[in-house]
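# Geometric and topological summary
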Amino acid sequence: MNITELLELNAAIHIDMAELDAAIEKANRLLVLLEKAKEIAGSQNDEESELIGFLGEDRLKSIGECIAEIVRQNDLHKSPCICKKLFHYLSGVIVGWNPV
């Protein structure tokens, strides 16, 4: 092997290492996202279990279906950000309601 071939091989190895580093970085970012998704799923399962305890499974399902229909009728399923703001707003409004 002459010096030119060795330099070309060295350059190829350097490029492969850079690609490997980029792939490792992407994998690490995916792991972080996966951990966040697991946390969210766990939180949702806890909330669902708590609501089932308060309302019962059938009543929770019925209420969820009614809410889903309102969301669908108003095309809010196409705007998750607006939907999230609406539910946040409503939770504040409901807290202000006087108990009957």
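Scoring rules and cut-offs
Residues numbered from 1 in each chain as written. Predicted model: local features only at pLDDT ≥ 70, side-chain atom pairs only at ≥ 80, totals over all residues. Heavy atoms only, no water. Helix = DSSP H or I, 4+ residues; strand = E, 2+ residues; numbered from the N terminus. Rg over C-alpha atoms; globule rule 2.2 N^0.38 Å. Buried < 20%, exposed > 50% of the residue type's maximum accessible area, 1.4 Å probe, protein only. Salt bridge = Lys/Arg side-chain N within 4 Å of Asp/Glu carboxyl O. pLDDT = per-residue confidence, 0-100. Patch = residues over 30% accessible without salt bridge, like charges linked within 9 Å, V, L, I, M, F, W, Y side chains within 5 Å. Areas by Shrake-Rupley, 256 points an atom, 1.4 Å probe, with all protein chains shown as cover.

When helices and strands are tallied, the protein chain shows three helices and zero strands. For the protein chain, the N- to C-terminal ordering of α and β elements is α-α-α. Computed over its C-alpha atoms, the radius of gyration of the protein chain comes to 26 Å, more than 25% above the 13 Å expected for a compact globule of 100 residues. With respect to the three principal axes, the spread of C-alpha positions in the protein chain is 90 × 30 × 25 Å. For the protein chain, the residues scored as buried account for 4% of the 100 residues in total.

Here we come to unusual backbone geometry. Here Asp75, not a glycine, exhibits a phi torsion of approximately 55°, which is positive. In this structure Asp75 comes out as partly exposed when scored by relative accessible area, which is 39%.

In the structure shown here, the tally under the stated rule is four salt bridges. The partner of Arg29 in a salt bridge is Glu25, with the nearest N and O atoms 3.7 Å apart. In this pair, Arg29 and Glu25 both sit in helix 1 (residues 3-55), four residues apart, roughly one turn of the helix.

A few words on the confidence of the model for the protein chain. Taken residue by residue, the protein chain gives an average pLDDT of 84. The fraction at 70 or more is 95%. The least confident element of the protein chain, judged by mean pLDDT, is helix 1 at 81; the most confident is helix 2 (residues 57-73) at 93.

Attention now goes to a nonpolar patch on the surface. On the surface, Met1, Ile3, Leu6, Leu7, Leu9, Ile13, Met17, Leu20 and Ile24 cluster together into a nonpolar patch covering about 910 Å² of accessible area. With respect to the helices and strands, Leu9 occurs in helix 1. A relative accessible area of 42% means that Leu9 is categorised as partly exposed.

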